[in-house]
Structure formats: structure tokens, C-alpha cells
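# Observations on the three-dimensional arrangement
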Amino acid sequence: FSDRDAGRSTERLWALTGRVRRDLSEGALNVSMDAFELGKVPEVLARLPLVESETATVGGRVALSFGAGLARAEGQVRIDGLNVAHPLLAREVVRDVGFDLDFAAELDPAKPRLVLHHARVNRRGVELRLRGDLLHPAERNDRQYRLHAEISPTPCQQVLEAIPTALVPALSGFELGGNFDLEVDA
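Computed from a prediction, not measured in an experiment: that's the story for all the values here. (Residues numbered from 1 in each chain as written. Predicted model: local features only at pLDDT ≥ 70, side-chain atom pairs only at ≥ 80, totals over all residues. Heavy atoms only, no water.)

### Considering the packing of aromatic side chains
- Scanning all chains against the criterion turns up one aromatic pair.
- Taking 5.4 Å as the distance between ring centres and 45° as the angle between the ring planes, the aromatic pair formed by W14 and F36 counts as tilted. In this pair, W14 is assigned in strand β1 (residues 14-20) and F36 in strand β2 (residues 27-37), connecting sequence segments 22 residues apart.
- The class of F36 is buried, set by a relative accessible area of 5%. (Phe/Tyr/Trp six-rings, centres within 6.5 Å; stacked < 30°, edge-to-face > 60°. Helix = DSSP H or I, 4+ residues; strand = E, 2+ residues; numbered from the N terminus. Buried < 20%, exposed > 50% of the residue type's maximum accessible area, 1.4 Å probe, protein only.)

### Some remarks on unusual backbone geometry
- A positive phi angle, near 45°, is found at E52, a position not held by glycine.
- Summarising the element assignment, E52 is placed in the loop between α1 (42-45) and β3 (57-67).
- Among the residues examined, E52 registers a relative accessible area of 54% and is labelled exposed.
- Even without glycine at this site, A68 takes up a positive phi of about 55°.
- Structurally, A68 is set in the loop between β3 and β4 (70-84).

### A word on the pattern of salt bridges
- Tallied over the entire structure, the rule returns twelve salt bridges.
- In this structure, the salt-bridge partner of D96 is R124, at a minimum N-O distance of 3.3 Å. Here D96 is found in strand β5 (residues 94-108), whereas its partner R124 is found in the loop between β6 (113-123) and β7 (126-135), with 28 residues between them in sequence.
- On the accessibility criterion, R124 (48% relative accessible area) is partly exposed.
- R113 is paired through a salt bridge with D133; the nearest N and O atoms lie 2.5 Å apart. A residue pair is termed long-range when its members are at least 10 positions apart, and R113 in strand β6 and D133 in strand β7 qualify at 20 residues.
- On the basis of relative accessibility, which here comes to 29%, the residue R113 falls in the partly exposed class.
- For D133, a relative accessible area of 14% gives the class buried.
- Here the salt bridges do not stand alone but share partners, grouping E127, R129, R131 and E150 into one network. (Salt bridge = Lys/Arg side-chain N within 4 Å of Asp/Glu carboxyl O.)

### Concerning the sheet that holds β7
- Ordered by their spatial adjacency, nine strands build an open sheet running β1-β2-β3-β4-β5-β6-β7-β8-β9, and the pairing between neighbours is antiparallel. At either margin of the open sheet sits one strand with a lone partner, and together these are β1 and β9 (179-185). In this sheet, neighbouring strand axes are inclined to one another by 10° on average, regardless of whether the strands run parallel or antiparallel.
- Sheet analysis places β4 next to β5, joined by eleven bridges and oriented antiparallel. Within β5, the residue paired with A73 across the bridge is A105. (Pairing = 2+ DSSP bridges. Axes fitted to C-alpha atoms, helices over the stretch in contact; angles between N-to-C directions.)

And the structure:
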């Protein structure tokens, strides 16, 4: 796929390969994206809570497979330079959001259940590792959620610098010593 039809360059933005049945009962797809600027897909950019993010980039690869009633996804994605504007996130625009994401997950739409085998989010050398199981059927009393999150010991100042200032404006200018680590089960 490229932005050729919009009268711009013929540079390839992403590629989709594989075979899949129409009912998604079987098959596999691979999506690969050379890092490209979001300004090349203005229709997508306009629907997101982003401002001044035309030069933000996204790239990576995602493999999808379907079978036995399950959808599986695994991949690595890198996002750089997003400017997010949403009142639930912060009062100010959260600028220069970027991270590397490595993940593997499985969805059972019949239950519906999402198993997050692993997700590693890395921002400026701070790695958050997640895994969990989310069961979300229509009946509220049958819902179950389990999540494990951890960060290995990391210098506190490095953790602070990895958090966009707009998310914690009261900590702007702080200098911290020591190490931070996290292990949470919810």
C-alpha cells in the first residue's frame, strides 16, 4: 500500500501478505511497515486525538494468524513523535510520545477473552513488561481481569525522564536518586 492514489509519492507505506478465509476461520497475514510519517495517511491522522503529528512515525511488523476459533497477533512496533491531546490523559498536549512495543496476544471472540502472553513497552531505556488475561462476557458478574506488570530496577531519574512532562507536571524539574522497580499483580 502507498499514498500513490493521493497524488503524492509512490513510496510504499506498508505491505500485507498472506492468505485468510473470509470468515477468519483460518489463515495468516503479515503486515510490515517501514517507518513512515503519519502525515502520509491524513485520513487516519484526522480520526485520532493527535495534534501537530504529521511528522510522527510508525513502523514495524505484525503477524496475525487465525484458526480453531482464535485470532493470534505478535509483533514489534515503533512509534515516535506523537503529540496527544485528550482531556482524560492530561490538561496539556502530551508531546513527543514514542515507544517500542513487542507483544504477543490471543483473542477468543466467542468468550470474549484476550490473553496477553507478553507486552514489552520500552521508552528511553525504561522497559515495562505486561502479561494478563481479560475475560469480558456480556454478563457483568462473569467478567474477570488479571494483569501482571513489572519494571526491573532502573535509576529513578531515568524513569522520571521517560514519563512525558505533561502527564506529571508537578514533577517537572525534580532530580531523583536511587532505583525504581515495580512488580504488581492485579
